[in-house]
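Letter by letter, the chains look like this.
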Amino acid sequence: MKHRALPFFAALLLALAASMTASAENLIVSVSNHRITVTPNYSGEELVLFGSIERDSKSRPPGTAYDIVVTVSGPRADMVTRRKERKLGIWINVDSREFIQVPAYLGIFANRPIDNIAAPDVQRRQQIGMASFPLPQRMGPDVANTVASDPFRTAFVRLRTDHGLYREQTNAVTFLTPTLFRTGIPLPAEVPTGTYTVDIKLFADGAVLAKTETAFEIVKVGFEQFVANSARYHGLLYGLATAMMAIMTGWLASVVFRRD
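Notes on the structure in this doc start here. (Residues numbered from 1 in each chain as written. Predicted model: local features only at pLDDT ≥ 70, side-chain atom pairs only at ≥ 80, totals over all residues. Heavy atoms only, no water.)

1. Let's talk about helix 4 (residues 151-162)
Here helix 4 is 12 residues long and its end C-alpha atoms lie 16 Å apart, about the 16 Å a rise of 1.5 Å per residue gives. Among the residues of helix 4, Phe 152, Arg 153, Ala 155, Phe 156, Val 157 and Arg 160 are the ones counted as buried. For helix 4, the capping residue at the N-terminal end is Asp 150, with a side-chain oxygen 3.2 Å from the backbone nitrogen of Phe 152. Following helix 4 by one or two positions, Gly 164 adopts a phi angle in the positive range, close to 75 degrees. (Helix = DSSP H or I, 4+ residues; strand = E, 2+ residues; numbered from the N terminus. Expected span 1.5 Å × (residues − 1). Buried < 20%, exposed > 50% of the residue type's maximum accessible area, 1.4 Å probe, protein only. Polar contact = N/O pair within 3.5 Å; in protein donor to acceptor, adjacent residues only side chain to side chain.)

2. Let's talk about the pairing of strand 1 (residues 25-31)
The alternating pattern of strand 1 places Glu 25, Leu 27, Val 29 and Val 31 on a buried face, while none of Asn 26, Ile 28 and Ser 30, on the opposite face, is buried. For strand 1 and strand 3 (residues 45-55), the ladder comprises 7 bridges, and the chain directions are antiparallel. Considered in strand 3, the bridge of Val 31 is made with Leu 49. (Pairing = 2+ DSSP bridges.)

3. Describing unusual backbone geometry
A negative phi angle characterises most non-glycine residues, just as the trans form characterises most peptide bonds. A positive phi angle, near 50 degrees, is found at Gln 101, a position not held by glycine. Residue classification places Gln 101 among the partly exposed residues on the basis of a relative accessible area of 40%.

4. A closer look at the environment of Pro 113
With respect to the secondary-structure elements, Pro 113 resides in the loop between strand 7 (106-110) and helix 2 (114-117). Under the relative-accessibility criterion, Pro 113 is labelled partly exposed at 37%. Taking the C-alpha atoms as reference points, Pro 113 and Gly 129, 16 residues apart in sequence, are found 9.1 Å from one another.

5. Considering the pairing of strand 7
In terms of residue burial, strand 7 counts as a mostly covered element, since 5 of its 5 residues are buried. Residue alternation in strand 7 divides its side chains into two sets, Leu 106, Ile 108 and Ala 110 and Gly 107 and Phe 109, and both sets are buried. Pairing of strand 4 (residues 67-73) with strand 7, which is carried by 5 bridges, proceeds in the antiparallel orientation. Looking across to strand 7, one finds that Val 70 is bridged to Phe 109. Here 4 bridges tie strand 7 to strand 10 (residues 166-169), and the two strands are oriented parallel to one another.

6. As for a nonpolar patch on the surface
Side chains of Met 248, Trp 251, Leu 252, Val 255, Val 256 and Phe 257 sit close together on the surface and give an oily, nonpolar patch of about 660 Å² of accessible area. Within the secondary structure, Phe 257 is located in the segment after helix 6 (235-256). In this structure Phe 257 comes out as exposed when scored by relative accessible area, which is 67%. (Patch = residues over 30% accessible without salt bridge, like charges linked within 9 Å, V, L, I, M, F, W, Y side chains within 5 Å. Areas by Shrake-Rupley, 256 points an atom, 1.4 Å probe, with all protein chains shown as cover. Salt bridge = Lys/Arg side-chain N within 4 Å of Asp/Glu carboxyl O.)

7. Section: the sheet that holds strand 4
The 6 strands lie next to each other as 2-14-13-4-7-10, forming an open sheet whose pairing is mixed. At either end of the open sheet lies a strand with only one pairing partner, and these are strand 2 (35-38) and strand 10. The average angle at which neighbouring strand axes cross in this sheet is 15 degrees, direction not considered. (Axes fitted to C-alpha atoms, helices over the stretch in contact; angles between N-to-C directions.)

8. Observations regarding the pattern of salt bridges
Tallied over the entire structure, the rule returns 6 salt bridges. Salt-bridge contacts for Asp 67 lead to Arg 112; the nearest nitrogen and oxygen are separated by 2.8 Å. One end of the pair, Asp 67, is in strand 4; the other, Arg 112, is in the loop between strand 7 and helix 2, with 45 residues separating them in the sequence. You can call Arg 112 partly exposed: its relative accessible area is 34%. A salt bridge links Lys 201 to Asp 199, with the nearest nitrogen and oxygen atoms 2.5 Å apart. Both residues of the pair, Lys 201 and Asp 199, belong to the buried class.

9. Observations concerning the packing of aromatic side chains
All chains considered together, the criterion is met by 5 aromatic pairs. Their ring planes at 5 degrees and their centres at 5.1 Å tell us that Tyr 196 and Phe 216 sit as a pair that is stacked. Of the two residues, Tyr 196 sits in strand 13 (residues 194-204) while Phe 216 sits in strand 14 (residues 207-220), which places them 20 residues apart along the sequence. A relative accessible area of 0% means that Tyr 196 is categorised as buried. An aromatic cluster is defined as three or more aromatic residues linked by ring pairs; in this entry it consists of Phe 99, Phe 156 and Tyr 166. (Phe/Tyr/Trp six-rings, centres within 6.5 Å; stacked < 30°, edge-to-face > 60°.)

Structure (structure tokens):
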């Protein structure tokens, strides 16, 4: 029995040692604004994320080089990417792929290239970097993630990137001191409203040392919020009001520009 118990106690000691090492560093983060309001003249904004690495007596030596990867993901929704081909002189949709509950906004920010921070298997496990972030697709009756080279995934990421809604910046995190860092989170004018999750991971020597999360939300206010709520919760009345406004606008234009 004693010989059988030795492997168990050895594994227990290793687990305790690993947990003590993993808890040697803590992350303390905050964003400059937890609530962004969208008004009629909203043209985009940049949030600032500040963070600090808190060490204790069991932490690594003071000269340890840290890496930070910040992943910002916005409201999730189902989206469709279509492939077009030119046939008989016109462009038509010949194939499509539906992406299931993918973020409408995805920003990945780091202090250096992701490949220099962690090995490919660590990137996949921790879901860091655009190539390793899961973007599940509906493939027949199943939903599954695909490789980064999948043509529909590549086209989807490219289209979102063209609108500034997907981005990967590997020089965006700046270390102000060896333990204090900051990064900007650009939010374009097309950014959707909703809750955004900010995931921060701390690396050293290719291993994850600590992780934490924070969040912020984007909301519409004023007349835009009234219109959005009317369209969502009072669709029939909103449609009737829109139709009446179109009729009145057409009638008024005919009166103003009428030739006698």
